[in-house]
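Architecture and fold: a report
In case you want the letters, here they are:
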Amino acid sequence: MSALTETELVVAVRQGRREGQTEMVSRYAERVFAMIARQVPDTMDAQKLTQDTFLRAFSHIDNYDPHKASLSTWLCCIAYRLTLDHLRRRRPMIVSMEDDTGISNEELEAELSTGREERIEQLMEVIDELPDDERMLLTLYYFEDRPLTEIAYITGIEPAALANRLYRTRKKLYKKLKQR
């Protein structure tokens, strides 16, 4: 069954065939779990959210449009929304009051992309302090290595606004690192 194309796989799932569902899970579960697990520290919660992602995908497979996104991106969109809902129920709301310090993209990139081990540890600590949606954005962009167009589809945010939000989030990281 693993020789199915993405289109054939979607057809099998739409027809309710168990082998189509099994193939979808075996093909995409690891990637979906990895994305969720970066945001949800409890492995059991991450596994449940992964399972919920596929259950939702199976029940809403008729909404999938291959012209808008790949199946992998569509699944990540479902996982993104479920994960944010989960995190919002578990965390208090954090309101960010940031000022504009006129930091250039080049300065941000130089500061945030340094490879020193201690700096990477600091960066990971600061990322964990960010609001859920900002952590998810960084995860999709840097850890998942997804282009802004895919992230825009997953998050439901326009690419230009997303690029602006990514810049502001990176600037916030820069400021927090400078304070340490």
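In short, a report on the structure. (Residues numbered from 1 in each chain as written. Predicted model: local features only at pLDDT ≥ 70, side-chain atom pairs only at ≥ 80, totals over all residues. Heavy atoms only, no water.)

Close contact between helix H1 (residues 6–14) and helix H2 (residues 18–37) brings their axes to 8 Å; oriented N to C, the two are set at 130°. By the angle between their axes, H1 is oblique relative to H2. When H1 is examined against H2, the residues Glu6, Leu9, Ala12 and Val13 are found in contact with a partner set consisting of Gly20, Gln21, Glu23, Met24, Arg27 and Tyr28. Residues of the contact of H1 with H2, tallied by class, amount to five nonpolar, two polar and three charged. (Axes fitted to C-alpha atoms, helices over the stretch in contact; angles between N-to-C directions. Helix = DSSP H or I, 4+ residues; strand = E, 2+ residues; numbered from the N terminus. Parallel < 35°, antiparallel > 145°, perpendicular 65-115°, else oblique. Contact = heavy atoms within 4.5 Å. Nonpolar A, V, L, I, M, F, W, Y, C, P; charged D, E, K, R; others polar.)

The next point concerns helix H4 (residues 71–90). For H4, spanning 20 residues, the distance from its first C-alpha to its last is 29 Å, which sits close to the expected 28 Å at 1.5 Å a residue. For H4, a buried count of 15 out of 20 residues is recorded, marking the element as mostly surrounded by other parts of the structure. (Expected span 1.5 Å × (residues − 1). Buried < 20%, exposed > 50% of the residue type's maximum accessible area, 1.4 Å probe, protein only.)

Okay, a nonpolar patch on the surface next. On the surface, a nonpolar cluster with roughly 280 Å² of combined accessible area is contributed by Met124, Tyr142 and Phe143. Within the secondary structure, Tyr142 sits in helix H7 (residues 132–143). Residue Tyr142 is classed as partly exposed on the basis of its relative accessible area of 39%. (Patch = residues over 30% accessible without salt bridge, like charges linked within 9 Å, V, L, I, M, F, W, Y side chains within 5 Å. Areas by Shrake-Rupley, 256 points an atom, 1.4 Å probe, with all protein chains shown as cover. Salt bridge = Lys/Arg side-chain N within 4 Å of Asp/Glu carboxyl O.)

Here the structure, examined in full by the defined rule, presents twelve salt bridges. The partner of Arg14 in a salt bridge is Asp62, with the nearest N and O atoms 3.6 Å apart. Placement of Arg14 in helix H1 and of Asp62 in the loop between helix H3 (43–59) and H4 is noted, with a sequence separation of 48 residues between them. Accessibility expressed as a relative area gives 39% for Arg14, which makes it partly exposed. Measuring nitrogen to oxygen at the nearest pair gives 3.0 Å for the salt bridge that ties Arg135 to Asp132. Of this pair, Arg135 and Asp132 both sit in helix H7, three residues apart, which is roughly one turn of the helix.

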